[in-house]
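# Breakdown of the fold
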Amino acid sequence: MAELVYPPVIGAAHTLFRALDIRIDMKGTENIPRKGGAVLVSNHVGYLDFIFAGLAARPQKRLVRFMAKESVFRHKVSGPLMRGMKHIPVDRAQGESAYQHALDSLRSGEIIGVFPEATISQSFTLKSFKSGAARMAQEAGVPLIPVALWGTQRLWTKGRPKNLKRSHIPVTMRVGEPLETPANQYAGAITRRLRERVQELLDAAQRAYPDKPQNAADSWWLPAHLGGTAPTAAQVKEAG
């Protein structure tokens with residue numbers, strides 16, 4: 001079936017990123033399989049993460065179908081676009097339908113995108129991973145593809161105004177080697193290895209990131225353990 005919506009949306013995203021002079025440093029895209037199903041798994045620090053994670057598959061000429069909360073599909077603007085790009089709505093009260101939809105897509109050779117932290121990490125560190133991505137990959141017999149994004153929180157994240165002006169913000173992305181998902185292994189163990197892989201990629205992305213905060217007020221996007229003023233995971237939990 002022809003893709004009538006996804007390619008123009010990608011083109012619009014590229015045009016916007018050029019207009020904003022967003023400098024994208026993307027490495028490891030050769031790890032995205034050229035064909036066949038896979039579950040792409042990324043950390044989650046900003047509202048635009050699905051766009052950037054999806055771009056990681058474009059060098060291999062693949063499209064990623066993301067699992068996203070159902071309310072996004074009800075919005076008058078984003079809803080038709082999300083449906084047109086064949087993303088998968090998730091009703092957290094009735095997740096079985098979305099899970100089966102994703103399984104069917106994986107078995108038909110699609111790449112499914114998942115954020116296993118479920119929500120944006122306001123500390124900009126990795127939260128615990130839910131095991132659904134691993135279980136889904138096991139059941140479909142496909143690999144997990146770990147991805148780390150860094151810098152997207154500076155564009156638009158939870159609790160901060162969006163910054164979609166020409167501000168030359170860099171975004172660094174790292175894609176890791178596929179992680180096999182044998183059916184006879186415990187999904188929790190696979191999930192732990194997956195999180196370790198994403199953490200390694202995130203560390204690499206942070207080391208490669210070209211910008212540093214100019215002052216304390218500008219260090220909100222940097223985690224506390226790297227010298228920034230972002231709240232720690234414990235502080236976020238306490239405040240929430």
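First, a word on scope: everything that follows refers to the structure included in this document.

### What about the overall build of the protein?
Scanning the protein from N- to C-terminus turns up eight helices and seven strands. In terms of C-alpha radius of gyration, the protein reaches 17 Å, essentially the compact-globule figure of 18 Å for 240 residues. Counting only C-alpha atoms, the protein reaches 50 × 40 × 35 Å along its principal axes. Across the protein, every contact between residues at least 6 apart in sequence was considered, and the portion connecting residues at least 24 apart equals 74%. Within the structure as shown, the protein displays about 12100 Å² of accessible surface, and the carbon and sulfur contribution to it stands at 54%. A gap of 4 Å separates the mean positions of the 33 positive and 20 negative side-chain charges of the protein.

### Considering the pattern of salt bridges
The tally for this structure, following the rule as stated, stands at nine salt bridges. The salt bridge involving Arg174 is made with Asp25; its shortest N-O contact spans 2.9 Å. Of this pair, Arg174 sits in strand S7 (residues 170-175) while Asp25 sits in strand S1 (residues 23-27), placing them 149 residues apart in sequence.

### So, the sheet that holds S1
Sheet architecture is open: seven strands sit in the order S1-S7-S6-S2-S5-S3-S4, paired in mixed fashion. This sheet does not close on itself; its edge strands, each paired only once, are S1 and strand S4 (88-90). This sheet shows a mean twist of 25° between the axes of neighbouring strands, independent of strand direction. Strand direction decides the pairing type here: strand S2 (residues 38-42) and strand S6 (residues 144-150), joined by four bridges, are parallel. Residue pairing in the sheet places Ser42 in a bridge with Val147 of S6. Helix H5 (residues 96-107) contacts S2, strand S3 (64-69), S4 and strand S5 (111-114) of the sheet and is inclined by roughly 155° relative to S4.

### A look at helix H7 (residues 187-208)
Its 22 residues give H7 an end-to-end C-alpha distance of 31 Å, which sits within 8% of 32 Å, the value for a rise of 1.5 Å per residue. What H7 keeps buried is the set Ala187, Gly188, Ile190, Thr191, Leu194, Val198, Leu201, Leu202, Ala205 and Gln206. Axial view of H7: buried residues confined to an arc of 145°, hence all on one face. H7 presents Arg192, Glu200 and Arg207 as exposed residues on the side facing more than 90 degrees away from its buried surface. Against the buried residues of H7 lie S2, helix H6 (132-140), S6 and S7.

### Examining the nonpolar core
Judged by nonpolar contacts, the single largest core of 66 residues is most densely connected at Val39, Phe52, Met67, Ile112, Met136, Leu144 and Trp150. The element best represented in this core is H7, accounting for seven residues. Setting aside its immediate chain neighbours within four residues, Ile112 contacts Ala38, Val39, Leu40, Val64, Arg65, Met67, Ile88, Ala102, Ser105, Leu106 and Met136.

### A word on the packing of aromatic side chains
Applying the stated criterion across every chain yields a total of six aromatic pairs. Between Phe17 and Phe52, the aromatic rings sit 4.7 Å apart at their centres with planes inclined by 10°, giving stacked as the arrangement. Linking Phe17 in helix H1 (residues 6-20) with Phe52 in helix H2 (residues 49-55), this pair joins segments that are 35 residues apart in sequence. Judged by relative accessible area, which is 0%, Phe52 ranks as buried. Three or more aromatic residues joined by ring pairs form one cluster here, namely Phe50, Phe66 and Phe115. The ring of Trp220 is capped by Arg160, whose NZ or CZ atom sits 4.0 Å from the centre of that ring. For Lys162, the ring lying beneath its charged end belongs to Trp156, and the centroid distance is 4.7 Å.

### Focus on unusual backbone geometry
For Lys61, which is not a glycine, the phi torsion comes out positive at approximately 60°. Following the sequence through the fold, Lys61 ends up in the loop between H2 and S3.

### Overview of H6
Taken as a whole, H6 has its buried residues at Ala133, Ala134, Met136, Ala137, Gln138 and Ala140. In this structure, the buried side of H6 is in contact with S2, S3, H5, S5, S6 and H7. Downstream of H6 by one or two residues, Gly141 has phi in the positive range, about 70°.

### Description of the pairing of S6
Along S6, seven of the seven residues are buried, which leaves the element largely enclosed by surrounding structure. Side chains of S6 alternate between two faces, with Leu144, Pro146, Ala148 and Trp150 and Ile145, Val147 and Leu149 buried alike. Here S6 pairs with S7 via four bridges, running antiparallel. Each bridged residue has a counterpart across the sheet, and for Trp150 the counterpart in S7 is Thr172.

Cut-offs applied
Residues numbered from 1 in each chain as written. Predicted model: local features only at pLDDT ≥ 70, side-chain atom pairs only at ≥ 80, totals over all residues. Heavy atoms only, no water. Helix = DSSP H or I, 4+ residues; strand = E, 2+ residues; numbered from the N terminus. Rg over C-alpha atoms; globule rule 2.2 N^0.38 Å. Contact = heavy atoms within 4.5 Å. Areas by Shrake-Rupley, 256 points an atom, 1.4 Å probe, with all protein chains shown as cover. Lys, Arg positive; Asp, Glu negative; His and termini not counted. Charge placed at Lys NZ, Arg CZ, Asp CG, Glu CD. Salt bridge = Lys/Arg side-chain N within 4 Å of Asp/Glu carboxyl O. Pairing = 2+ DSSP bridges. Axes fitted to C-alpha atoms, helices over the stretch in contact; angles between N-to-C directions. Expected span 1.5 Å × (residues − 1). Buried < 20%, exposed > 50% of the residue type's maximum accessible area, 1.4 Å probe, protein only. Arc of directions from axis to C-beta. Core = buried A, V, L, I, M, F, W, Y, C linked by side-chain atoms within 4.5 Å. Phe/Tyr/Trp six-rings, centres within 6.5 Å; stacked < 30°, edge-to-face > 60°. Lys NZ or Arg CZ within 6 Å of the ring centre and 35° of its normal.

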